[in-house]
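Here are the chains, one letter per residue:
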Amino acid sequence: MTAVVEFDKDMYHLQTAMERWCTENIGTNPLYKNWVFAEPKSWEGLGNWCMSSIFGNTFFYFKNEKDAMWFRLNWQ
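Counting starts from 1 at the beginning of each chain's written sequence and moves along it residue by residue. With the structure being a predicted model, the display of local features is reserved for residues of pLDDT at least 70 and the display and counting of side-chain atom pairs for 80 or more, all residues being used for whole-chain, interface and lining totals. As a rule here, side-chain values cover all heavy atoms of the structure and leave hydrogens and water aside.

Student: Honestly, the overall build of the chain in this entry has me stumped. Any pointers?
Tutor: Across its full length, the chain carries two helices and three strands. Element order for the chain, N to C, with α for helix and β for strand: β-α-β-β-α. C-alpha atoms define the radius of gyration in this analysis, and the globule rule sets the expected value at 2.2 Å times the number of residues to the power 0.38. Its C-alpha radius of gyration of 11 Å places the chain within 12% of the 11 Å reference for a compact globule of 76 residues. For the chain, the spread of C-alpha atoms along the three principal axes comes to 30 × 25 × 20 Å. Here the chain, with 76 residues, has 41% of them falling under the buried criterion. Accessible surface is estimated by sampling points in the Shrake-Rupley manner with a 1.4 Å probe; for residues, cover comes only from the protein chains shown. Total accessible area computed for the chain in this model is approximately 4900 Å², and 56% of it derives from carbon and sulfur atoms. Positive charges come from Lys and Arg, negative ones from Asp and Glu, while His and the chain ends are left out of the count. Every charge is mapped onto a representative atom, which is NZ of Lys, CZ of Arg, CG of Asp or CD of Glu. Charge-centre separation for the chain: the mean point of 7 positive side chains lies 4 Å from the mean point of 9 negative side chains. Helix and strand definitions follow DSSP, with helices as H or I runs of at least four residues and strands as E runs of at least two, each counted in order from the N terminus. Working definition: with a 1.4 Å probe on protein chains only, accessible area under 20% of the residue-type maximum means buried, over 50% means exposed, and in between means partly exposed.

Student: When you look at the environment of Asn25 in this model, what are you seeing that I'm missing?
Tutor: Topologically, Asn25 is positioned in helix H1 (residues 15-25). You can call Asn25 partly exposed: its relative accessible area is 31%. What qualifies as a polar contact is a pair of N or O atoms within 3.5 Å, subject to a donor-acceptor requirement within protein and to the restriction that residues adjacent in sequence count only when both atoms come from side chains. A distance of 2.8 Å separates a polar atom in the side chain of Asn25 from the backbone oxygen of Trp21.

Student: I would appreciate a short explanation of the sheet that holds strand S2 (residues 49-54) in the present structure.
Tutor: Sheet strands pair via backbone hydrogen bonds, and the direction of the pair is either parallel or antiparallel. Spatial ordering of the open sheet is given by S1-S3-S2, a layout of three strands whose pairing is antiparallel. In this open sheet, the two strands that pair with only one neighbour each are strand S1 (3-7) and S2. Going across the sheet, the axis of each strand differs from the next one's by a mean of 20°, ignoring polarity. The pairing of S2 with strand S3 (residues 57-62) spans six bridges and is antiparallel. Residue pairing in the sheet places Cys50 in a bridge with Tyr61 of S3. In this description, contact between two residues means that some pair of their heavy atoms is separated by no more than 4.5 Å. Axes here refer to lines fitted to C-alpha atoms; in helices the fit is confined to the stretch in contact. Angles between the N-to-C directions go from 0 to 180 degrees. Running at roughly 20° to S1, helix H2 (residues 65-75) makes contact with S1 and S3 of the sheet. Any two strands with at least two DSSP-identified bridges between them are counted as paired.

Student: How should I be thinking about the environment of Ser52 in this particular structure?
Tutor: The residue Ser52 is located in strand S2 in this model. For the pair Ser52 and His13, spaced 39 residues apart in sequence, the C-alpha to C-alpha distance is 14 Å. Setting aside its immediate chain neighbours within four residues, Ser52 contacts Trp35, Val36, Phe37, Ala38, Asn57, Thr58, Phe59 and Tyr61.

Student: What is the right way to read the packing of aromatic side chains from this model?
Tutor: What describes a pair of aromatic rings is the distance from one ring centre to the other and the angle between the planes of the rings. Working definition: a ring pair exists when centres of Phe, Tyr or Trp rings (six-membered ring for Trp) sit within 6.5 Å. Plane angles under 30 degrees give stacked, over 60 give edge-to-face, the rest tilted. The full count for this structure, using the stated rule, is nine aromatic pairs. Taken together, a centroid distance of 5.9 Å and an interplanar angle of 70° make the contact between Phe7 and Phe71 edge-to-face. With Phe7 in strand S1 and Phe71 in helix H2, the pair connects residues that are 64 residues apart, well separated along the chain. With a relative accessible area of 0%, Phe71 lands in the buried category. Ring geometry for Phe59 and Tyr61: centres 6.5 Å apart, planes at 10°, overall stacked. A residue is classified by how much of its surface remains accessible, and Tyr61, at 6% relative accessible area, is buried. Joined through ring pairs, the aromatic side chains of Phe7, Trp21, Trp49, Phe60, Phe62, Trp70, Phe71 and Trp75 make up one cluster.

Rendered as structure tokens:
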């Protein structure tokens, strides 16, 4: 099951900093360089997190709930 953390347009300006935080603290997504088009259906070949953005809304997807919780504690 994928854990999802969503931010609206008000947080868009922090997107790059959030991506950097994930890379430094959780690791990179080797296949797509952190970006995906939608929520992963399978984590095969992916890292432990990835993200997508549409119309200013940003979605962070986490393979492990503990990583999502750690991310929330830092950004929400």
